[in-house]
Amino acid sequence: MAAENAATAKPSTDIDGLSYEEAREQLVGVVGKLEAGGVSLEDSLALWERGEALAKRCEQWLEGARKRLAAARDQAAQEG
């Protein structure tokens, strides 16, 4: 079953449209599958690559949030 899930994993291009929560949830699932083992080497590599792409997407969301917070602080400092 894990091998089927890895083999049918969506290409990483679909990751660009994920919210932070969706990407994080999928990343947790990928990590769980890898930790459980019992997956072929090929499927493990596919899962690993998807996990890396999901982690990158989460980081993009977090970096965007940091920038928005910094801009809000700068604006508040200029107004106050």
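Along every chain, residues carry numbers that run from 1 in the direction the sequence is written. Totals for whole chains, interfaces and linings use every residue, but because this is a predicted model, local features are given only for residues with pLDDT of at least 70 and side-chain atom pairs only at 80 or more, for both listing and counting. The side-chain numbers reported here are obtained from all heavy atoms of the structure, hydrogens and water having been left aside.

Caption draft 1: Representation of the packing of helix 2 (residues 20-36) against helix 3 (residues 41-79) within the structure. Where helix 2 contacts helix 3, the axes come no closer than 9 Å and their chain directions differ by 150 degrees. Taken together, the axes of helix 2 and helix 3 are roughly antiparallel relative to one another. The handedness of the crossing between helix 2 and helix 3 is left-handed. Only Ser44, Leu47, Trp48, Arg50, Gly51, Leu54, Ala55, Arg57, Cys58, Trp61 and Leu62 of helix 3 make contact with helix 2, whose side of the interface consists of Tyr20, Ala23, Arg24, Gln26, Leu27, Val30, Lys33 and Leu34. Three categories are distinguished: nonpolar for Ala, Val, Leu, Ile, Met, Phe, Trp, Tyr, Cys and Pro, charged for Asp, Glu, Lys and Arg, and polar for the others, with Gly belonging to the last. Among the residues making up the contact of helix 2 with helix 3, the classes are represented as 12 nonpolar, three polar and four charged. Helix axes use the C-alpha atoms of the stretch in contact, all axes being lines fitted to C-alpha atoms, and the angles between their N-to-C directions lie in the range 0 to 180 degrees. The secondary structure listing takes helices from DSSP runs of H or I that are at least 4 residues long and strands from runs of E that are at least 2 residues long, numbered from the N terminus. For this classification, under 35 degrees means roughly parallel, over 145 means roughly antiparallel, 65 to 115 means roughly perpendicular, and everything else is oblique. Left-handed describes a crossing in which the near helix is turned anticlockwise from the far one by less than a right angle; the clockwise case is right-handed. Every residue pair with non-hydrogen atoms within 4.5 Å of one another is taken to be in contact.

Caption draft 2: Fine view of the pattern of salt bridges. A pairing counts as a salt bridge when a side-chain nitrogen of Lys or Arg comes within 4 Å of a carboxyl oxygen of Asp or Glu. The final tally for this structure, using the stated rule, is three salt bridges. A salt bridge links Arg66 to Glu63; the nearest nitrogen and oxygen atoms lie 3.2 Å apart. Here the residue Arg66 and the residue Glu63 both occupy positions in helix 3, the gap between them amounting to three residues, near one helical turn. Through salt bridges that share partners, Glu59, Glu63 and Arg66 make up one connected network.

Caption draft 3: Helix 2, seen in detail. Over its 17 residues, helix 2 extends 24 Å from the first C-alpha to the last, a length consistent with the 24 Å expected when each residue adds 1.5 Å. Gly37, located one to two residues past helix 2, shows a positive phi value of around 75 degrees. In this analysis, the expected span of each helix is defined as 1.5 Å times one less than the number of residues it contains.

Caption draft 4: Broad picture of the environment of Leu47. Note that Leu47 resides in helix 3. We call a residue buried when its accessible area falls under 20% of the maximum for its residue type, exposed when it is over 50%, and partly exposed in between, using a 1.4 Å probe and counting protein chains only. When its relative accessible area of 3% is taken as the criterion, Leu47 is described as buried. Between the C-alpha atom of Leu47 and that of Leu34, which follows or precedes it by 13 residues, the distance is 7.3 Å.

Caption draft 5: The nonpolar core, seen in detail. The nonpolar core is taken to be a set of buried Ala, Val, Leu, Ile, Met, Phe, Trp, Tyr and Cys residues, with the residues joined through side-chain atoms within 4.5 Å. Ile15, Leu18, Ala23, Val30, Val39, Leu47, Leu54 and Cys58 together form the largest nonpolar core, which totals eight residues. Breaking this core down by element, the ones donating at least two residues are helix 2 and helix 3. Looking at which element gives the most residues to this core, the answer is helix 3, with three residues. Setting aside residues no more than four positions away along its own chain, Val30 makes contact with Leu47, Gly51 and Leu54.

Caption draft 6: Representation of the side chain of Arg57 in the model. As for its position among the elements, Arg57 is in helix 3. Neither His nor the chain ends is counted toward charge; the positive residues are Lys and Arg and the negative residues Asp and Glu. In this structure, Arg57 is buried with no salt-bridge partner, the nearest side chain bearing the opposite charge being Asp16 at 5.6 Å. Once residues within four sequence positions are removed from consideration, Arg57 is found in contact with Ile15, Asp16, Leu18 and Ala23.

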